[in-house]
Amino acid sequence: MTAIHPPSHKVWWKQPVDRVEVVWIGIALVWCLIMFFFMPFWHVFGDQNYSGEAYRVTPERFNEKVNELVEQYTVRYETDRQIPVVRPPAGSDIYLLARLWDWYPILELEKGQTYRLHVSSVDWQHGLSIQPININFQVLPGYEMVLNITPTEVGEYAVVCNEYCGILHHAMLSKLYVVESDRNGEPQS
Ligand code: CUA
């Protein structure tokens, strides 16, 4: 019997299971178990999962915090949609908002400084992906995730949404700038 022909016995589920089938079910089961136990294994030994801070936040409150940041530290505007580029003080709390369908604002950070990056969505589930360094996080409305980040390379990074979020998901792109620190040689607070 092959898979493309109908079973020769009408009551096929009462046929004994073929040895080969049992072997494949066994292999699949063992492989499932291996993958299952590798999840906690990599969490502990592979440093793969971020077990950092997350807080409840309302979209309104998060929006307020983002707007405060934009009001205080915007240095210029970019693209024909006039998205603010924000250069917050080194070491501060910074905010990045995901929404249908953009990232707001564009952040400009200093190399070698550590920031507390707060990320949340005000509408839908999005995915924060920073390329090419392969940072990858889910962004959910109602939750504010805090990532401690220290950029190590000057450059222009791509911020991509990697969770399908509707018709313009593919256009939900932005940038992140990392620039040389202004405070060369100065002690860092
Ligand atoms: Cu936002 Cu896809």
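So, how was this worked out
Residues numbered from 1 in each chain as written. Predicted model: local features only at pLDDT ≥ 70, side-chain atom pairs only at ≥ 80, totals over all residues. Heavy atoms only, no water. Helix = DSSP H or I, 4+ residues; strand = E, 2+ residues; numbered from the N terminus. Rg over C-alpha atoms; globule rule 2.2 N^0.38 Å. Buried < 20%, exposed > 50% of the residue type's maximum accessible area, 1.4 Å probe, protein only. Contact = heavy atoms within 4.5 Å. Areas by Shrake-Rupley, 256 points an atom, 1.4 Å probe, with all protein chains shown as cover. Lys, Arg positive; Asp, Glu negative; His and termini not counted. Charge placed at Lys NZ, Arg CZ, Asp CG, Glu CD. Domains from an automatic or database assignment. Polar contact = N/O pair within 3.5 Å; in protein donor to acceptor, adjacent residues only side chain to side chain.

A. Structural view of the overall build of the protein. If you tally the helices and strands in the protein, you get two helices and 12 strands. From first element to last, N terminus to C terminus, the protein shows the α and β order α-β-α-β-β-β-β-β-β-β-β-β-β-β. The C-alpha atoms of the protein give 24 Å as radius of gyration, which overshoots the globular expectation for 189 residues (16 Å, by more than 25%). Structurally, the protein occupies a C-alpha span of about 80 × 40 × 30 Å along its principal axes. The burial tally for the protein puts 32% of its 189 residues in the buried class. Relative to all contacts within the protein whose residues are 6 or more apart in sequence, the contacts with residues 24 or more apart total 58%. Summing over all exposed atoms, the protein offers an accessible surface of approximately 12600 Å²; the carbon and sulfur share of this is 59%. Charge-centre separation for the protein: the mean point of 14 positive side chains lies 8 Å from the mean point of 22 negative side chains.

B. Spatial organisation of the domain arrangement of the protein. By domain assignment, the protein separates into domain 1 (12-45) and domain 2 (53-179). Between the C-alpha centres of domain 1 and domain 2 there is a distance of 41 Å.

C. The side chain of Ser121, seen in detail. Mapped onto the fold, Ser121 is located in strand β7 (residues 115-121). A polar contact of 3.1 Å, which involves the side chain of Ser121, links it to the backbone nitrogen of Asp123. In this structure the side chain of Ser121 is engaged in a polar contact, spanning 2.5 Å, whose partner is the backbone oxygen of Trp124. Sequence-distant contacts of Ser121, defined by excluding residues within four places in its chain, comprise Ala98, His126, Val139, Leu140, Pro141 and Gly142.

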